[in-house]
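Breakdown of the fold
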Amino acid sequence: MLARRSSSLLRRSASRALSTQTVLPRVVERRANEAGPGGRASNADLKVAIFGATGFLGRYVCSELGANGVLAYIANRGDEMEARHLKVCFDLGRTRFVFYSPRDRESVEDVIADADIVVNLIGKYHETGQPVETKSFPYIGYQTNYSFADANIEVPSMIAQVCKDLQVDNLIHVSSAAASPDASSEWARTKYLGEEAVKEIYPWATIIRPTQYFGYEDRFMNWFANAATFLPMVPMIDGGEALTQPVHVVNVAETIVRVCDSPETFEGKQIDCFGPADYTYKELAEFAYDITGQGPKVVDLPKSTVKQFAQAAQWTRNPLLTPDMVELWSEDYLPTYATQEEYSKMPTKDRIYTMADLGVKATPLEKEAFNYLHRFRTGGHFILTDGYH
């Protein structure tokens, strides 16, 4: 097996052992070479390279890492203004922003440099593209920038290979609970293939498999409110009977940071992240509109009909609906097992961990959804209270 930088690993692993009991990495305890009181205004003696930091999950991962004195190497393939909101997550001097191209290996190496841990959060919910000039009529075509295969297979494979070649201590790869070779969604199939490719190249990678995220900037609960605002009716795919078990994005970020605090404990392991309850999409729609008071026309439609509408909608900027999204939402989006007890009964060797094993308590959807959905109310949430209008 690849010779790896082991001095820090040996030092840290001496006091930590894999257990079937709840794993609580020492996030708030002082490290051997840490400077400062711990947490903010400290040097945690840990360097983490983050790909996909500007995404939905990425900003919360950065916030959690910054609160623990980590030095972050943040990969950015766009304008520096696209990542400026991440600077406030860290103390001054605790970030290193590096421009890179996912298709340029050398730039990926520049991002990783001497990092102790690499976290791959790269993902996309639809394939982006741009119009290009062609030599024949109608003299204009369409070129895909990054396909699902590029984002979910090729780029993660390159990152894993670079981590192996540079002898990086640990790699954390974020996949999805929907990842399956038999999924009807191309996004879910390529997520699975990317996960398998990473494990083949870098067998000791930690795989994070979350269900659908909910949170302030999500494309999940906000989708229902936006659909009611911009669409003539809100389609329920096959009656909206498919099940999903959404997880709070902050809980997933907390889990990733716990892994960063004790990466050798979770080498080669899978960690499932999911919420405390499952719902049908129809139940979620009813819940969302009970908060927003929008009262749209919700129509049960077969998947084939919704896909026809999505074929046209996918060409809009930041589309509300795409054919692949229709496929994804037409199937159950659930974790490997239904209960924590089933996970706990697994043999230690093959055990799949959960957020609970890392001491992260799943936040109920009902506790957070109102905080960011009430803005869709006509007149705001104060409209229902006397004295505010």
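For the structure itself, consult the block above.
1. Considering the overall build of the protein
Per the secondary structure count, the protein includes twelve helices and 16 strands. Rg of the C-alpha trace for the protein: 22 Å, near the compact-globule value of 21 Å for 389 residues, within the 12% margin. Based on the C-alpha atoms only, the size of the protein along its principal axes is roughly 65 × 60 × 45 Å. Taking all 389 residues of the protein together, 50% fall into the buried category. Counted over contacts in the protein with a minimum sequence separation of 6, partners at least 24 positions apart contribute 75%. When the accessible surface of the protein is split by element, carbon and sulfur atoms take 51% of a total near 18200 Å².

2. Side note on the pairing of strand E6 (residues 140–146)
Two elements, strand E5 (residues 128–133) and E6, share six bridges in a ladder whose sense is antiparallel. Residue pairing in the sheet places Val132 in a bridge with Gly141 of E6.

3. Quick notes on the pairing of strand E1 (residues 47–51)
A large share of E1 lies buried, amounting to four of its five residues. Both E1 and strand E2 (residues 71–76) contribute to a ladder of four bridges, which runs parallel. Directly across from Ile50, in E2, lies its bridge partner Ile74. The handedness of the E1 to E2 crossover, carried by helix H2 (residues 56–66), is right-handed. By the bridge criterion, four bridges tie E1 to strand E4 (residues 117–120) in an arrangement that is parallel. Counted as the bridge partner of Ile50 is Val119 from E4.

4. Things to note about helix H6 (residues 221–230)
Counting buried positions along H6 gives seven out of ten residues, so the element sits mostly inside the fold. Within the span of H6, buried status applies to Met221, Asn222, Trp223, Phe224, Ala225, Ala227 and Ala228. Tucked inside the fold, the buried residues of H6 contact strand E9 (213–214), strand E10 (234–237), helix H8 (281–292), helix H10 (323–329) and helix H12 (365–373).

5. Overview of the state of the cysteines
Scanning the model with the defined rule gives zero disulfides in all. Considering cysteine sulfurs only, Cys260 is the nearest to Cys163, which forms no disulfide, with 12 Å between them. Since its relative accessible area comes to 0%, Cys163 is described here as buried. Residue classification places Cys260 among the buried residues on the basis of a relative accessible area of 2%.

6. Description of the sheet that holds E1
Taken in spatial order, the eight strands of this open sheet run E3-E2-E1-E4-E7-E8-E13-E16, and their pairing is parallel. Strands with a single pairing partner mark the edges of an open sheet, and in this sheet they are strand E3 (95–99) and strand E16 (353–354). In this sheet, strand E8 (residues 206–210) lies alongside strand E7 (residues 170–174) in parallel orientation, the contact comprising three bridges. In the strand pairing of E8, Ile172 is matched with Thr206. Sitting on the sheet, helix H5 (residues 186–201) is in contact with E7, E8 and strand E13 (270–273), with an inclination near 170° to E7.

7. Details of the nonpolar core
One finds Met221, Phe224, Trp329 and Leu373 to be the most contacted residues of the largest nonpolar core, which totals 41 residues. One finds Ile74, Ile208, Val257 and Phe266 within the second-largest nonpolar core, a separate group that totals 39 residues.

8. Section: the side chain of Ser185
Relative to the assigned elements, Ser185 resides in the loop between E7 and H5. One polar contact links the side chain of Ser185 to the main-chain amide nitrogen of Ala188, over a distance of 3.2 Å. For Ser185, the side chain forms a polar contact with the side chain of Asp324, separated by 2.8 Å. Excluding anything up to four places from it in sequence, Ser185 contacts Asp324, Glu327 and Leu328.

9. Some points on the packing of aromatic side chains
Tallied over the entire structure, the rule returns 15 aromatic pairs. An angle of 80° between the planes, with centres 5.4 Å apart, marks the rings of Phe51 and Tyr100 as edge-to-face. Here Tyr100 lies in the loop between E3 and helix H3 (105–112) and Phe51 lies in strand E1, a separation of 49 residues in the sequence. Owing to a relative accessible area of 10%, Tyr100 belongs among the buried residues under this scheme. Between Phe274 and Tyr343, the ring centres sit 5.6 Å apart and the planes meet at 20°, which makes this aromatic pair stacked. Of the two residues, Phe274 sits in the loop between E13 and strand E14 (279–280) while Tyr343 sits in helix H11 (residues 340–344), which places them 69 residues apart along the sequence. With respect to class, Phe274 is no different from Tyr343; both count as buried. An aromatic cluster is defined as three or more aromatic residues linked by ring pairs; in this entry it consists of Phe220, Trp223, Phe224, Tyr281 and Trp329. One Lys or Arg, Arg96, reaches over the ring of Tyr73 and ends 4.6 Å from the middle of that ring.

Definitions and limits used
- Residues numbered from 1 in each chain as written.
- Predicted model: local features only at pLDDT ≥ 70, side-chain atom pairs only at ≥ 80, totals over all residues.
- Heavy atoms only, no water.
- Helix = DSSP H or I, 4+ residues; strand = E, 2+ residues; numbered from the N terminus.
- Rg over C-alpha atoms; globule rule 2.2 N^0.38 Å.
- Buried < 20%, exposed > 50% of the residue type's maximum accessible area, 1.4 Å probe, protein only.
- Contact = heavy atoms within 4.5 Å.
- Areas by Shrake-Rupley, 256 points an atom, 1.4 Å probe, with all protein chains shown as cover.
- Pairing = 2+ DSSP bridges.
- Right-handed = clockwise from strand over helix to strand, strands pointing away.
- Disulfide = S-S within 2.5 Å.
- Axes fitted to C-alpha atoms, helices over the stretch in contact; angles between N-to-C directions.
- Core = buried A, V, L, I, M, F, W, Y, C linked by side-chain atoms within 4.5 Å.
- Polar contact = N/O pair within 3.5 Å; in protein donor to acceptor, adjacent residues only side chain to side chain.
- Phe/Tyr/Trp six-rings, centres within 6.5 Å; stacked < 30°, edge-to-face > 60°.
- Lys NZ or Arg CZ within 6 Å of the ring centre and 35° of its normal.

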